[in-house]
Amino acid sequence: MSAKLRDLVRELIEAGGGEPIEGGRFLPLVTLESGARVGLDGSGAWVFAPEGGGAAQAIAPEGGRAFFEVLETKRDDFDASIEEAAKAAGLPPEEVAFSFPATDVVRAVLARGLPSMTRLALSWLRLTEVRALRAEIMAVSRDATMPVPVRDLAERLTVPE
């Protein structure tokens, strides 16, 4: 996320925009099927706020599992929701959508080695994100414990260095 976008989000939150969450405020951008919401906090971090309250979790490369549920939303719908909510909040829609750490979420899912979630994660990727996950995708394509269709999908996504 650019420093300019981070400043815009912080200003919006400090001006009372968004909604309160445990420990501060955040700007919800996507509501998932469970009712959990995904959005940005005042520092520009992406957070997952569970339905019914509770502590919101900021996404970090090592903690992407909190965001597994986003993979259950069609990627086009997910990105469109982000863009629509960002535009309504006066933020640049595409820049906000591009700032979502999709590769961190997918990387965390792939690390779990669950076949159904792996297939979902690989299918959720945009082609522009595949190169960043090349090593992980290649590992899936060679994992004998994965079903053949999942390995085949991973192999088709493997891009040259």
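Residues numbered from 1 in each chain as written. Predicted model: local features only at pLDDT ≥ 70, side-chain atom pairs only at ≥ 80, totals over all residues. Heavy atoms only, no water.

Caption draft 1: Highlighting the nonpolar core. Trp46, Val70, Phe100 and Leu122 are the most contacted members of the largest nonpolar core, which has 44 residues in total. When residues in this core are grouped by element, the largest group, 6 residues, is from helix 4 (residues 102-112). (Core = buried A, V, L, I, M, F, W, Y, C linked by side-chain atoms within 4.5 Å. Buried < 20%, exposed > 50% of the residue type's maximum accessible area, 1.4 Å probe, protein only. Helix = DSSP H or I, 4+ residues; strand = E, 2+ residues; numbered from the N terminus.)

Caption draft 2: Main features of helix 7 (residues 134-142). Looking only at helix 7, the buried set comprises Arg134, Ile137, Met138, Val140 and Ser141. For helix 7, the angular spread of the buried residues around the axis is 155°, confining them to a single face. Projecting away from the buried face of helix 7 at angles above 90 degrees are the exposed residues Ala135 and Arg142. Looking at the packing, one finds that the buried side of helix 7 touches helix 4, helix 5 (115-124), helix 6 (127-130) and helix 8 (148-157). (Arc of directions from axis to C-beta. Contact = heavy atoms within 4.5 Å.)

Caption draft 3: Structural context of the packing of aromatic side chains. Per the stated rule, a full pass over the model turns up 4 aromatic pairs. A ring pair is formed by Trp46 and Phe100, whose centres lie 5.0 Å apart and whose planes are at 85°; its orientation type is edge-to-face. Separated by 54 residues along the polypeptide, Trp46 in strand 4 (residues 46-49) and Phe100 in the loop between helix 3 (93-99) and helix 4 bring together distant segments of the chain. Phe100 matches Trp46 in its accessibility class, with the two residues each being buried. Each residue in the set Trp46, Phe78, Phe100 and Trp124 is aromatic and connected to the rest through ring pairs, giving one cluster. One Lys or Arg, Arg75, reaches over the ring of Trp124 and ends 4.3 Å from the middle of that ring. (Phe/Tyr/Trp six-rings, centres within 6.5 Å; stacked < 30°, edge-to-face > 60°. Lys NZ or Arg CZ within 6 Å of the ring centre and 35° of its normal.)

Caption draft 4: Focus on the packing of helix 7 against helix 8. Running from N to C, helix 7 and helix 8 point in directions that differ by 145°, and their axes come no closer than 7 Å. At the point where helix 7 passes helix 8, the crossing takes the left-handed sense. Facing helix 7, whose interface residues are Ile137, Val140 and Ser141, helix 8 presents Val150, Arg151, Ala154, Glu155 and Leu157. When the residues that make up the contact of helix 7 with helix 8 are grouped by side-chain class, the tally is 5 nonpolar, 1 polar and 2 charged. (Axes fitted to C-alpha atoms, helices over the stretch in contact; angles between N-to-C directions. Left-handed = near helix turned anticlockwise from the far one by under 90°. Nonpolar A, V, L, I, M, F, W, Y, C, P; charged D, E, K, R; others polar.)

Caption draft 5: Region of the structure containing the pattern of salt bridges. Counted by the stated rule, this structure contains 9 salt bridges. A salt bridge links Arg10 to Glu14; its shortest N-O distance comes to 3.7 Å. Linking Arg10 with Glu14, this pair stays in helix 1 (residues 3-14), spanning 4 residues, or about one helical turn. With a relative accessible area of 61%, Glu14 lands in the exposed category. The salt bridge partner of Arg126 is Asp76, with a shortest N-O separation of 2.9 Å. Linking Arg126 in the loop between helix 5 and helix 6 with Asp76 in helix 2 (residues 75-88), this pair joins segments that are 50 residues apart in sequence. What makes Asp76 exposed here is its relative accessible area of 53%. Taken together, the shared-partner salt bridges connect Arg75, Asp76, Asp79, Arg126 and Glu129 into one network. (Salt bridge = Lys/Arg side-chain N within 4 Å of Asp/Glu carboxyl O.)

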